[in-house]
Amino acid sequence: MSILPLAVCFLVAVLQLVAKCYGRFNPLHHSGAASPYFDAPSQFGISPSTPPQCFVDRAAYIVRHGSRFPEPGSFAGWQELFDKFQNNSYVARGPLAFIPSWTPPVDDIPHQPLYLSSTGARESFDLGVELRKRYRFTPGGDNLTVWAAGQQRVVDTATYFLQGYLSQGNYLSNSTENRGIIVAMPDSVNYTFADSLTPSSGCPAYSTGDSSVKASIFRATYQGKIANRLNHFLDGLELTDSDVGIMQDLCGFQAEINGDTRFCDIFTEAEWKDYEYAHDLNYYYGSGPGNPFSATVGYPWLHAVTDLFVSSPQSAGARQGFDPPSLIMSFTHDNNLPPVVSALGVWNSSRAHGVYPLSAEAPNPERTFRSSYLVSFRGYIALERMSCRSDAPSTSVEHSAGPSFTSSAAHEGAQAQRFVRIRINNAVVPVPNCDTGPGSSCPLDAFATHTRTRAVVAGDFVDRCGLSGVKNATGNLDIFTQVPSRTAQSFTLLVPQPYAVIL
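In what follows, the accompanying structure is described.

The rules we used
- Residue indices begin from 1 for each chain and proceed along its sequence in written order.
- Where totals are concerned, whole chains, interfaces and linings use all residues; where local detail is concerned, this predicted model gives features only for residues with pLDDT of at least 70, and gives and counts side-chain atom pairs only at 80 or more.
- The basis for every side-chain value is the complete set of heavy atoms in the structure, and neither hydrogens nor water enter the calculation.
- Put simply, a nonpolar core is a bunch of buried Ala, Val, Leu, Ile, Met, Phe, Trp, Tyr and Cys residues held in one set by side-chain atoms that sit within 4.5 Å of each other.
- Here's how the labels work: a residue is buried when its accessible area is under 20% of the maximum for its type, exposed when over 50%, partly exposed in between, all with a 1.4 Å probe on protein chains only.
- Whether two residues are in contact is decided by their heavy atoms, any of which lying within 4.5 Å being enough.
- Using only the protein atoms, space was sampled on a 1 Å grid; points where a 1.4 Å probe fits but cannot get out form cavities, open sets with protein on both sides within 12 Å along at least five of seven lines form pockets, and lining residues are those with an atom within 4 Å of a point.
- Grid points are joined across faces, edges and corners, and a volume is the space filled by probe spheres set on the points.
- The numbering of helices and of strands both runs from the N terminus, where a helix is a DSSP run of H or I of at least 4 residues and a strand a run of E of at least 2.
- Each residue receives one of three labels: charged for Asp, Glu, Lys and Arg, nonpolar for Ala, Val, Leu, Ile, Met, Phe, Trp, Tyr, Cys and Pro, and polar for the others, Gly being one of them.
- To define axes, lines are fitted to C-alpha atoms, for helices over the stretch in contact only, and angles between the resulting N-to-C directions are given on a 0 to 180 degree scale.
- An angle counts as roughly parallel when it lies under 35 degrees, as roughly antiparallel when it exceeds 145, as roughly perpendicular when it falls between 65 and 115, and as oblique in every other case.
- Crossing chirality is assigned from the near helix's rotation relative to the far helix, an anticlockwise turn below a right angle marking it left-handed and a clockwise turn marking it right-handed.
- By convention in this document, the label disulfide applies to cysteine sulfur atom pairs within 2.5 Å.

## Observations regarding the nonpolar core
In a soluble, globular protein the nonpolar side chains are often hidden away together inside. By size, the foremost hydrophobic cluster in this structure holds 125 residues, and its most contacted members are Y61, F161, W301, L327, M329, I381 and F480. Beyond its immediate sequence surroundings of up to four residues, M329 is in contact with Y61, V63, L127, L131, V146, W147 and F161. Counting 11 residues, the second-largest nonpolar core is a separate cluster that includes A205, F293, V297 and V462.

## Thoughts on the layout of surface pockets
By volume, the largest pocket is sized at about 740 Å³. Taken together, 33 residues line the largest pocket, and the ones lying closest to its centre are R68, E71, S74, Y283 and D334. Taken together, the elements giving at least two residues each to the lining of the largest pocket come down to helix 2 (72-86), helix 7 (241-258) and helix 8 (269-286). Among the residues making up the lining of the largest pocket, the classes are represented as 9 nonpolar, 17 polar and 7 charged.

## Section: the packing of helix 3 (residues 118-135) against helix 4 (residues 152-165)
Axis angle and axis distance: for two packed helices, these are the angle between their axes and the distance between the axes, and together they describe the pair. In the contact formed by helix 3 and helix 4, the axes pass within 7 Å of each other and the chain directions differ by 40°. With respect to each other, helix 3 and helix 4 are oriented oblique. Here helix 3 and helix 4 pass one another in a crossing that is right-handed. Facing A121, S124, F125, L127, G128, V129, L131 and R132 of helix 3, the residues of helix 4 in contact are T157, Y160, F161, Q163, G164 and Y165. Considering only residue class, the contact of helix 3 with helix 4 consists of 8 nonpolar, 5 polar and 1 charged.

## Digging into the environment of H450
Examined against the element boundaries, H450 turns out to sit in helix 12 (residues 444-458). Judged by its relative accessible area of 13%, H450 is buried. Leaving out residues up to four positions away in the same chain, H450 has contacts with L344, V431 and P432.

## As for the state of the cysteines
Among covalent bonds in proteins, the disulfide is the one between the sulfur atoms of two cysteines. Overall, the coordinates contain 4 disulfides when judged by the stated rule. Put simply, C54 and C388 are joined by a disulfide, and their sulfur atoms are 2.0 Å apart. On the sign convention where negative is left-handed, the bridge of C54 and C388, at about 110° about the S-S bond, is right-handed. One end of the pair, C54, is in strand 1 (residues 54-64); the other, C388, is in strand 7 (residues 380-389), and 334 residues separate them in sequence. Judged by its relative accessible area of 7%, C54 falls in the buried class. Each sulfur of the disulfide joining C434 and C442 lies 2.0 Å from the other.

Set out below in structure tokens:
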């Protein structure tokens, strides 16, 4: 036998091993809402680092809850797939050889479906640690207040975030310091309207703009082909289109629940990209820019945060009753993030022709709207207000004996200006037509103007949602400055300190 074919085979094997080890393609980064959290790659070539002449003096996040077990409906699909694998006689080969022994990754049905997994708890804790170090807003011993929709997995995400954020030191001897407070509110109800972290439920017109059926149309173009391919590895059993959908969902869910990634290995890169695009269509047309009422329900959060950015914390608190912290954290569900994208006016335009609105026939690689980069578990949208000097920091500093300026004080003064940046899953996304500041940021005054301009697109919440004449209907979000808020029906929860005590 010639040495050349052997060498070629060896090279191919090595390349496949390298690709697997170094993750040239990771299905968990293309699984839409089933993706465990990961930092999104930059789509605009902007460094996520804060520019050296700037520091962040205020930030606001709206965050999806962390990784979870399946909802009951999805879990029923897993059980049906398990029953199919168990109640038939067949031979499974190759990448499907494991399915006869596969079991759903749920072993305590009364306590797991709907709730966070341990990965979700870790994601939330890690975000708390990360933001405490990133911004350095909170001196040791200070308390922190955050906001959360009231469903348990959302409150639990806020709880683990606070435990991570406040994990420094030990305050067992002083129960009034280093405490986390959650301002919670009714979740997915129709009677708090815009004064909510789930405002789409309070907008009757919102569901009429949902055309996410386009995702199902697109799935019909590829799932059958995948089933036909995989059925070549089975004798005596036949997979259906719906089986394929469940198996692709299980890649992300099983990976984050118990670390099993065998379902991830079944599908090709092209098949994963189709799966991801179906998620893109679902969120773009269901709750994102493709829904004409999306910006309407996302705007109240943007408007409330912009008001806080424009005013000083002290004046906002004195004027309206509660002085929100420099770090404003809002915890909610996946479908409440795309409306903020719509309100901001990002991820819905392209220099390339024919990218938007998204096609239900085939994905366009030029699109920036990517569900995996937004609604992954613990996905977020963040707005950062930066204070920046016009001059670059010196590379040579002379110090005389005595106190030094803090990093924030060094940026204050006549030369300091304020700017705003958007982060989506850590990647910086420029404000449309406003990226001339440091790190492609937008001057604060211009950002405020941009927000007012987006109000025209969003429209009046009460009018657009068909709530004129409805008692207590409001288009205002006041939860950050009214604690508790009467219209939001919010209430406070005290997060227990994570210290062991004698029983």
